[in-house]
Structures are given as C-alpha cells and as structure tokens.
Amino acid sequence: FESGALAAIGAVSESSELERVRVEYMGQKNGRIRELQKLVGAATAEQKPAVGRRFNEVRTAVTAALESRQESLQKLAAARAVSDFDVTLPGDRPRLGKLHPITQVMSEFRELMGRFGFTVVDGPELEDERHNFEALNIPEDHPARDPLDNFYLACAEAAAGRPMLLRSQTSTVQIRTMETVQPPVRIVSLGRVYRPDTIDATHSCMFHQMEGLLVDRHVTMAQLKTVLSQFARSFLGPEVEIRFRPSFFPFTEPSVEVDMKWGSSWMEIGGAGMVDPAVFASVGYDPEQYSGFAFGLGIERFCMKHFGVDDIRRFYENDLRFLAQF
Ligand code: PHE
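Predicted model only: the values in this text are computed from it and were never measured. (Residues numbered from 1 in each chain as written. Predicted model: local features only at pLDDT ≥ 70, side-chain atom pairs only at ≥ 80, totals over all residues. Heavy atoms only, no water.)

### Comments concerning the site of the ligand
As a reminder of what qualifies: Throughout this document, a residue counts as near a molecule or strand when at least one of its heavy atoms sits within 4 Å of that molecule or strand. Any pair of N or O atoms that falls within 3.5 Å is considered a polar contact. Within protein, one atom must be able to donate a hydrogen and the other to accept it, and sequence-neighbouring residues count only if both atoms are side-chain atoms. Reported accessibility uses the Shrake-Rupley method at a 1.4 Å probe radius. Residues are deemed covered only where the shown protein chains occlude them. In this analysis a 1.4 Å probe is tested at points of a 1 Å grid over the protein atoms alone, and where it fits but cannot get out there is a cavity; an open set with protein on both sides within 12 Å along at least five of seven lines is a pocket; lining residues have an atom within 4 Å of a point. Any molecule with more than half of its atoms within 2 Å of a cavity's or pocket's grid points is regarded as sitting in that cavity or pocket. Helix and strand assignments come from DSSP, with helices taken as H or I runs of at least 4 residues and strands as E runs of at least 2, each series counted from the N terminus. Following the grouping adopted for this structure description, the nonpolar residues are Ala, Val, Leu, Ile, Met, Phe, Trp, Tyr, Cys and Pro, the charged ones are Asp, Glu, Lys and Arg, and the polar ones are all others, Gly among them.
The immediate surroundings of the ligand are formed by 14 residues, with Q169, S171, R195, Q209 and G296 found nearest. Within the side chain of Q169, an N or O atom sits 2.8 Å from a nitrogen atom of the ligand. Between an oxygen atom of the ligand and a side-chain N or O atom of Q209, the distance comes to 2.9 Å. If the ligand stood free it would expose 330 Å²; the protein chains cover 92% of that surface. Given that more than half its atoms are within 2 Å of the pocket grid, the ligand belongs to the largest pocket. Residue assignment for the shell around the ligand shows that the elements contributing at least two residues are strand 6 (206-216), strand 9 (265-275) and strand 10 (291-298). Here the residues of the shell around the ligand sort into five nonpolar, seven polar and two charged.

The following block contains the structure:
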C-alpha cells in the first residue's frame, strides 16, 4: 500500500490527478486505507500494538506526501502563470476623456472674442424678472414673459413676491455688467439658457448662447456687422455666408436677426442690434453720451455647422460613440 501510494503521488502532474489519487488511497468511504484498517481490526491482541503503530506510520507518511505534492504543484502553477505573462507586450491604453464638443466650441469662442478685445464675464442661470425682462425693456404684458414660455421656479423668493426663473437668454448678463461697471464696456458671456420649446432637430429646452455687449462713444451698426461677420469667418472659415435681416427686440433698436447659409437655405443663428436707450436708462447710463451694440448667438447652431452634426439632440445624449468623435 505505502509504496504504491507514494509512487502514484510522485507520478501526478496536476492537482486534479492528485485529488483522484488521494480519494483512491485515503478516501473515507472506499479508499484502500479501509482495507489496512480492517487488518488492524483483525489482528490478535498481542499483534495489535505493532500493527496499529505501523498503520499510523503508513497513514502519516502518505498524508504528508499528499500535502507536500499539493504544495509543489501549486508553486509550479504559480511559476507557470508568471512566465505566461509577457512583459514586452504593449499595455492597454487608458481611455482618455475629452471635452464635450460644445465646451470645445465655447473655449474657441472665448479665444476668438478675446482677440477682438472682449473680456469674458459670467452670470447666474437662475434669474429674477428684473434682469431677464424688466431692465431689458420687456414689459409685463409682453408675450415673452408668458409663464408657459419660461421655466419659473416654485421657491422661497417667489413666495416672497420675487419670482425667479431659469434665464431664457444671456442678455441678463448685459444688465448685470452695466449695473456694476461704467463704459467703455466690451464683454462676452457664454452659458446655458432655458426655454420650454418643443424639442426637435434644431431646438432644445436648454441650449447655449454667447452674449456680446459693446458700449462706448459713437458705436455704430457697421461695427456690429463687422464684428459678427469677422467672428463667423474666423470660426467657420472665410467662405461662410452671413446675412442680417431687420427684426425686433425690446432691448435693441434697430434690431437684426443673423442668419447663416445652411445648404441651400438659411439658418437663424442669433439676434443683435443697437442697445435701446431705455436699457441704458434702466442701468443709469447716459444715452446722450453712449451708444452700444449687443448680440446673442446660439452656440449649438455654430457647433452643428462646424462639425457637420444634423441633430441638436446628439449633444445631450451622452452617447460615447458620438462624443468620442470630437
Ligand atoms: N436675447 C436675444 C435672444 O435670445 C438675442 C439678442 C441678444 C438680440 C442681444 C439682440 C441683442 O433671442
């Protein structure tokens, strides 16, 4: 038994085989060790001590051999695993994140407008009616103030008689800037605006605008048109076509809408005009001394044109297959 067991243990090369050998020899139920045990039981009284001692020796020896074989097999497996690891193979590249295409375009806008001498300022997305409407010459009964066309908030300020809303335009920042600094002013402000529009390929209930405001002595409409055309060309290339259409905004007079050539038709990209004297009055600027122009451009539209994206909703779905392309 002993020599057979030790030989079998020495011959195995895998843990599963070793287990099979263990069961064959030492198994509790049918292992060959049972036969040896029977011999011990069958021994006469005076043979018993010697037979019993021998049985114990054999059992200990085989158990020890099983254990040490198990250990060396494990070491072997570990060594094999290490040598299977090829340290010369190139590693997996970590996947780097990227800036969102809108964020990329906004940085470029800031950079371009900086070259035209405009400083970047920020304003809050949560606004009161003074900055979103009143100071912008949008009276109480104007359709733009319809609660159904704005995201009004149910909040403590509202309960206390100061309604708050998510700003519907970045023109709020014109007011906030003129409230705090004296002319000359030359700023842009980029950020989110919110409107409960029906969502489609070119409309979203949240989008981004770049507001511009320039106030100084003798500012003209020609300068406004020059800045906007130059800006569009420097961002989209010299061949981009821009057109200005007469329009109306309560806070500019005269006002224009700005379109960009989009395939065979035109796409509106923003509004602009000469700052209305009523707006200057609401922030305490002297309209006799100063004039200015303002514009508000839709950033997504530029982004779509620039990257050839045909549906604004792609920008907000966070689909990595889309985002990884920029
Ligand atoms: N605030 C206007 C809009 O969101 C755009 C605009 C800005 C028009 C500045 C004139 C001057 O539609």
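Now, onward.
### Quick look at a negative patch on the surface
For the record, the criterion: Patches were defined on residues exceeding 30% relative accessible area and lacking a salt bridge, with like-charge contacts within 9 Å and nonpolar side-chain contacts (Val, Leu, Ile, Met, Phe, Trp, Tyr) within 5 Å. Throughout this description, the term salt bridge denotes a Lys or Arg side-chain nitrogen within 4 Å of a carboxyl oxygen of Asp or Glu. Residues counted as positive are Lys and Arg, residues counted as negative are Asp and Glu, and His and the chain ends are not counted. Working definition for charges: the position is that of NZ of Lys, CZ of Arg, CG of Asp or CD of Glu.
Judged by side-chain charge, D146, D149, D197 and D200 come together as a negatively charged surface patch. With respect to the helices and strands, D149 occurs in the loop between helix 6 (129-132) and strand 3 (151-152).

### Section: the UniProt feature "binding site: Mg(2+)" (unreviewed entry) in the protein
Filter applied, for reference: UniProt positions are given in the numbering used here, feature names are shortened, and annotations may be inferred rather than shown by experiment. Between buried and exposed lies partly exposed: a residue is buried under 20% and exposed over 50% of the maximum accessible area for its type, with that area taken using a 1.4 Å probe on protein chains only. Contact between two residues is taken to exist if any of their heavy atoms lie within 4.5 Å; hydrogens are not considered.
Mapped onto the present numbering, the UniProt feature "binding site: Mg(2+)" (unreviewed entry) falls on E253. Topologically, E253 is positioned in strand 8 (residues 252-262). For E253, a relative accessible area of 46% gives the class partly exposed. Once residues lying within four places of it in the same chain are set aside, the contact partners of E253 are F248, M274 and D276.

### Focus on the pattern of salt bridges
Taken as a whole and assessed by the stated rule, the structure comprises 18 salt bridges. In this structure, E134 and R145 form a salt bridge, with 3.2 Å as the shortest nitrogen-oxygen distance. In this pair, E134 is assigned in the loop between helix 6 and strand 3 and R145 in the loop between helix 6 and strand 3, connecting sequence segments 11 residues apart. Judged by relative accessible area, R145 falls into the buried class, the value being 6%. Ionic contacts of the salt-bridge type, sharing partners, join the residues E129, E134, E140 and R145 into one network.

### Quick look at the packing of aromatic side chains
Selection criterion: Any pair of Phe, Tyr and Trp rings, taking the six-membered ring for Trp, is counted once the centres come within 6.5 Å. Such a pair is stacked with planes under 30 degrees apart, edge-to-face with planes over 60 apart, and tilted for the rest.
In this structure the tally under the stated criterion is 13 aromatic pairs. Their ring planes at 70 degrees and their centres at 5.4 Å tell us that F1 and Y25 sit as a pair that is edge-to-face. Here F1, found in the segment before helix 1 (2-11), pairs with Y25, found in helix 2 (residues 15-26); they are 24 residues apart in sequence, far enough to count as distant. Summarising the aromatic geometry, the rings of F307 and F326 are spaced 4.7 Å apart at their centres and angled 70 degrees between planes, so their arrangement reads as edge-to-face. Of this pair, F307 sits in helix 11 (residues 299-307) while F326 sits in the segment after helix 12 (320-323), placing them 19 residues apart in sequence. Judged by relative accessible area, F307 falls into the partly exposed class, the value being 29%.

### Description of the layout of surface pockets
The test is simple: Grid points are joined across faces, edges and corners, and a volume is the space filled by probe spheres set on the points.
Roughly 800 Å³ of internal volume is contained in the largest pocket. Forming the boundary of the largest pocket are 39 residues, of which R195, F207, Q209, F249 and E268 lie nearest the centre. Going through the elements one at a time, strand 6, strand 7 (242-249), strand 8, strand 9, strand 10 and helix 11 are the ones with two or more residues in the lining of the largest pocket. For the lining of the largest pocket, the leading source of residues is strand 9, giving six residues. Counted by class, the lining of the largest pocket contains 14 nonpolar, 17 polar and eight charged residues.

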